[in-house]
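# Observations on chain architecture
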Amino acid sequence: MRAFVALVAREVRLAWTGGGLWLPVVFYLAVATLFPFVTGPDKALLARTGGGILWIAALLATLLPIERLILPDRQSGVLDQLALRGWSDELVATAKIAGQIVAFALPLLLATIVGAALIGLPEAQLGTLLLGLALALPALSGLSVMIAALTAGLNGASALGGLLLVPITIPLLIFGAGALAEDPGNAMQLLAATSLAITALSPFAAGAALRAGRI
Amino acid sequence: MSLRQAPLPSLNLDNVAVMRGNRMVLRGLSIAARSGDIIWIRGFNGCGKSTLLRLVAGLLAVTSGAVHAEGRIALADENLALDANMTVEAALRFWADMDGASTNVRDAALMDMDLQDLAIIPVRFLSTGQRKRASIARVLASQADIWLMDEPYNGLDSASCARLDHAMLAHAASGGIVLVAAHQPPSINVAHSLLLDTQGTAA
């Protein structure tokens, strides 16, 4: 357990020093800043569409840390050293996902408060948006590690990552944006269920990809 | 030296063959190493030395035959596995903590590889030989029973080579096993010297 915490702490430290922490936040807030320029200062329109834009920005921000999640550790032999010490690939993936939740999901959640203010989102929606993102961000963290493991070392890993991410995140986006609607129905519950399933499965998918990539 | 827990480390390869990328890299290879053995594996570039070490480390699967290792394993290959932005000491501490090694063991490893003066330097500033010494120090601090050293002499100056010789002999003397893959003949007394030919068999 202590070793697991040490590995998670290493992930957070690498994100902090390697730009993996700030890049998604800056991107996310840049979208929130630019969007009102596109639509014009129509407060009603911004209130109606702003939440959805932040959702899309959060999904796309998931792609930004992908290149530094797995590849550097594979090239430097860190993954080999962990495997040598009896770490299963699934456990390594779980530690990396936990690291992403701390170093990617939490900062993005905090940035949402700023982003919502930039767009002028009504306060009633902010609570729903934060709850929805809080439910979905563990799944996005899992997906980023999974996609990083799948595409590590491939040419055009980022572009490929985008292609992989989009179809898997569509349910999250539908339920997440749906929860912001006037009549949300069970969207939040479905979002929670989808996110739970993706979060729970991603360490296994990522672990299998790590194993397959070991040569 | 650390107290070793029974059973004594041992390493057995029985008629091992490995296929990589549609090519037989190793075939018909058998090694039996007991506590206190240093095994020196020689051969041309590409004859399968590194493959053999990765196999023993459990990072590759055998195509046929069996590998059985008793005891904890440490590997020093061409990959440093130390975070480039951290200081040498902090990067080594990460692995020492993983292995549950005490501060004394870590300091001794730094001292054995003459890294005390470099301890506060970030890993990315190290030279080739210094990087090699850091990766050897990582193995020393791991307190593992079986050391797998892939071309450990590459880039080392003569003083560092002597330090490495000394460390490996001390490890064997305390009951450990060392597998050295190198292209040059052994510079120390070894239990077995194994020459791999181009077919990956012991010549």
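Look up a bit, the structure's there.
Scoring rules and cut-offs
Note on numbering: residues in each chain are counted from 1, in written sequence order. Each chain takes a letter, starting from A, and each ligand takes a number, starting from 1, following the order in which they are written. This being a predicted model, a pLDDT of at least 70 is required before a residue's local features are given, and a value of 80 or more before pairs of side-chain atoms are given or counted; all residues contribute to the totals for chains, interfaces and linings. No hydrogens and no water enter the side-chain calculation; it runs on all heavy atoms of the structure. Each helix is a run of H or I in the DSSP string that is no shorter than four residues. Each strand is a run of E no shorter than two, and both are numbered from the N terminus. The atom set for the radius of gyration is the C-alpha atoms, and the globule formula is 2.2 Å times the number of residues raised to the power 0.38. Remark: exposure states derive from per-residue accessible area (1.4 Å probe, protein chains only) relative to the maximum for the residue type, with buried under 20%, exposed over 50%, and partly exposed in between. Residues count as neighbours in contact if any of their non-hydrogen atoms are within 4.5 Å of one another. Accessible surface area values rest on a Shrake-Rupley calculation with a 1.4 Å probe, where residue burial reflects the displayed protein chains alone. We treat Lys and Arg as the positive residues and Asp and Glu as the negative residues; His and chain ends play no part in the count. Charge placement uses NZ in Lys and CZ in Arg. For Asp and Glu, CG and CD serve respectively. Accessible surface is computed with a 1.4 Å probe, and the buried area is the amount of it that two parts give up when combined, taken over both parts together. The term salt bridge refers to a pairing of a side-chain nitrogen on Lys or Arg with a carboxyl oxygen on Asp or Glu at a separation within 4 Å. Any N or O atom pair separated by 3.5 Å or less is treated as a polar contact, with the protein-specific requirement of one donor-capable and one acceptor-capable atom, and with residues adjacent in sequence counted only for side-chain atom pairs. The angle between two axes is taken between their N-to-C directions and runs from 0 to 180 degrees, where each axis is a line fitted to C-alpha atoms and a helix contributes only its stretch in contact. Note on terminology: angles under 35 degrees are roughly parallel, angles over 145 are roughly antiparallel, angles of 65 to 115 are roughly perpendicular, and the others are oblique. Crossing handedness is read from the near helix: turned anticlockwise from the far helix by less than a right angle, it gives a left-handed crossing, and turned clockwise, a right-handed one. In this count, Pro and Cys sit with the nonpolar residues alongside Ala, Val, Leu, Ile, Met, Phe, Trp and Tyr, while Asp, Glu, Lys and Arg are called charged and the others, Gly among them, polar.

### So, the overall build of chain A
For chain A, the count of helices and strands is 9 helices and 0 strands. By the compact-globule yardstick of 17 Å for 215 residues, chain A fits well, its C-alpha radius of gyration being 18 Å. Counting only C-alpha atoms and orienting by the principal axes, one finds that chain A spans roughly 55 × 35 × 30 Å. Looking at chain A as a whole, 47% of its 215 residues are labelled buried. Within chain A, contacts between residues separated by at least 24 positions form 80% of all contacts whose residues are at least 6 apart in sequence. Accessible area for chain A stands at about 9,500 Å²; split by element, carbon and sulfur atoms hold 73% of it. Of the charged side chains in chain A, 11 are positive and 10 negative; the average position of the first set lies 11 Å away from that of the second.

### Some details on the interface of chain A and chain B
Accessible area lost upon the coming together of the parts is a frequently used measure of interface size. Counting from both sides, the interface comprises 20 residues of chain A and, opposite them, 20 residues of chain B. Each partner contributes to the roughly 1,700 Å² buried at the junction of chain A and chain B, and carbon and sulfur atoms together form 56% of this total. Considering only the side of chain A, the residues that lose the most area to chain B are Q81, L84 and R85 of chain A, jointly responsible for 34% of the buried surface there. For the pair chain A and chain B, the number of links is 4 salt bridges. Of the charged contacts in the structure, one is a salt bridge between D80 of chain A and R54 of chain B, with a shortest N-O distance of 2.9 Å. Here chain A and chain B share 7 residue pairs in polar contact (both at pLDDT 80 or more) between them.

### Some points on the packing of helix α8 (residues 157-178) of chain A against helix α9 (residues 187-212) of chain A
All names here are of chain A. The contact between α8 and α9 brings their axes to 8 Å, and the two run at 155 degrees. Here α8 lies roughly antiparallel to α9, going by the angle between them. For the crossing formed where α8 meets α9, the hand is left-handed. Of α9, the residues touching α8 (which contributes I168, P171, L172, F175, G176 and G178) are A187, L190, L191, T194, S195 and I198. The class makeup of the residues in the contact of α8 with α9 is 8 nonpolar, 4 polar and no charged.

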